[in-house]
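Below, each chain spelled out in residue letters.
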Amino acid sequence: MTSATIKVGRTRVSHVSDGVARGPRKYWFTGADPADWMPAAGVTDPDALFTVTFGGFVVTGDGHVTVVDAGYGHRAHEIPGLAGGGGMPSAMTALGIGPEEVDQVVLTHLHADHCGWLTKDDEGALTFPNATVLVNEREHAYWTSDEVDAIAFNRDGAGEARARLRAVEDAGLLHTFGGELRLSDAMTVLPTHGHTPGHVSVLVADGGAAAILAGDVLHHPAHVDHPCWLPSVEYEPSESIRSRKRLAALAADRNAKILAPHFPVPTVVSVGHAPDGRARSTATHDMEDAT
């Protein structure tokens with residue numbers, strides 16, 4: 001599936017794929033005994049293949065057209081094992097959304113699979129020429145500093161992130177921010193640091209309904225119930241755990257659905273309060289209007 005949509009009040013949230021891969025993901029559960037994480041993840045082999053989506057979300061209906069995360073980009077089709085790589089723009093077109101209509105791009109963080117479509121070619125032409133690109137100031141500072149070179153996983157993508165940021169900045173469209181940021185009456189950016197220094201998530205709330213676009217706070221629905229099962233690539237693990245707990249508690253308090261870019265399309269996680277008061281996932285639902 002290349003996209004799927006849910007309604008949040010009058011607002012529509014569409015999960016849009018930029019490619020799908022299958023492979024082992026046991027590093028998502030670093031430090032956990034396989035006997036514990038395998039049943040929660042629904043597998044019986046630690047080397048089982050997981051379906052992983054790469055892409056982002058498009059939010060409409062609040063007076064803006066907002067992209068939250070921008071996939072791998074125009075070279076995604078070259079990545080081995082990535083089916084449908086580079087398909088995000090065409091998936092958006094199928095939803096009736098042209099790149100020139102996008103007026104806001106929120107990047108949860110600057111890993112290569114989240115900022116790829118800031119530019120559409122090797123010359124740095126902008127994919128979304130009319131969009132303000134919003135990046136947390138801590139995230140921007142990290143990826144444009146020498147500190148990023150201390151972590152191989154981040155160092156490998158730093159050059160691409162810097163080039164894309166330069167193209168946006170040269171066009172006068174880059175905006176950095178700290179703390180929470182109100183995008184519209186229906187959308188708020190929330191700090192959820194840990195996976196990277198300035199990672200953020202997005203709350204969509206309209207007419208009593210709510211959804212949280214979690215970025216890489218969560219890679220698998222099981223992480224809602226097990227916040228200490230972390231991927232091996234976390235920048236600040238203790239902060240990641242705190243961010244997961246805060247996000248799950250917010251989802252339970254607001255009766256908000258949780259969506260994340262690496263969840264298979266279509267996936268929505270519901271969260272409620274357990275008898276002990278802690279947030280617990282209650283169900284995983286398919287999304288509406290899946291194509």
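In what follows, the structure referred to is the one given above.
Rules and cut-offs
- Residues numbered from 1 in each chain as written.
- Predicted model: local features only at pLDDT ≥ 70, side-chain atom pairs only at ≥ 80, totals over all residues.
- Heavy atoms only, no water.
- Core = buried A, V, L, I, M, F, W, Y, C linked by side-chain atoms within 4.5 Å.
- Buried < 20%, exposed > 50% of the residue type's maximum accessible area, 1.4 Å probe, protein only.
- Helix = DSSP H or I, 4+ residues; strand = E, 2+ residues; numbered from the N terminus.
- Contact = heavy atoms within 4.5 Å.
- Pairing = 2+ DSSP bridges.
- Expected span 1.5 Å × (residues − 1).

Draft legend 1. Representation of the nonpolar core within the structure. Counting residues in each nonpolar core, the largest one holds 31 residues, and the members touching the most others are Met 92, Val 102, Val 105 and Leu 107. Among the secondary structure elements, those contributing two or more residues to this core are strand E4 (65-68), helix H2 (88-94), strand E6 (132-136), helix H4 (137-143) and helix H5 (152-170). With five residues, the single largest contributor to this core is H5. The residues touching Met 92, leaving out its near neighbours within four places in the chain, are Val 16, Val 58, Val 67, Ile 97, Val 102 and Phe 128. If you look at the next biggest cluster of nonpolar residues, it comprises 23 residues, including Val 13, Val 59, Val 106 and Met 287.

Draft legend 2. Quick peek at the pairing of strand E13 (residues 268-273). Counting buried positions over the six residues of E13 gives five, a clear majority of the element. Both E13 and strand E14 (residues 279-285) contribute to a ladder of six bridges, which runs antiparallel. In the sheet register, Val 271 faces E14, and the bridge partner there is Ser 281. In sequence, E13 turns back onto E14 through a hairpin of five residues, with Gly 277 there showing a positive phi of about 95°.

Draft legend 3. Broad picture of helix H7 (residues 237-254). The terminal C-alpha atoms of H7, which comprises 18 residues, lie 26 Å apart, in line with the 26 Å expected from a rise of 1.5 Å per residue. Looking one or two places after H7, you find Asn 255, whose phi comes out positive at around 55°.

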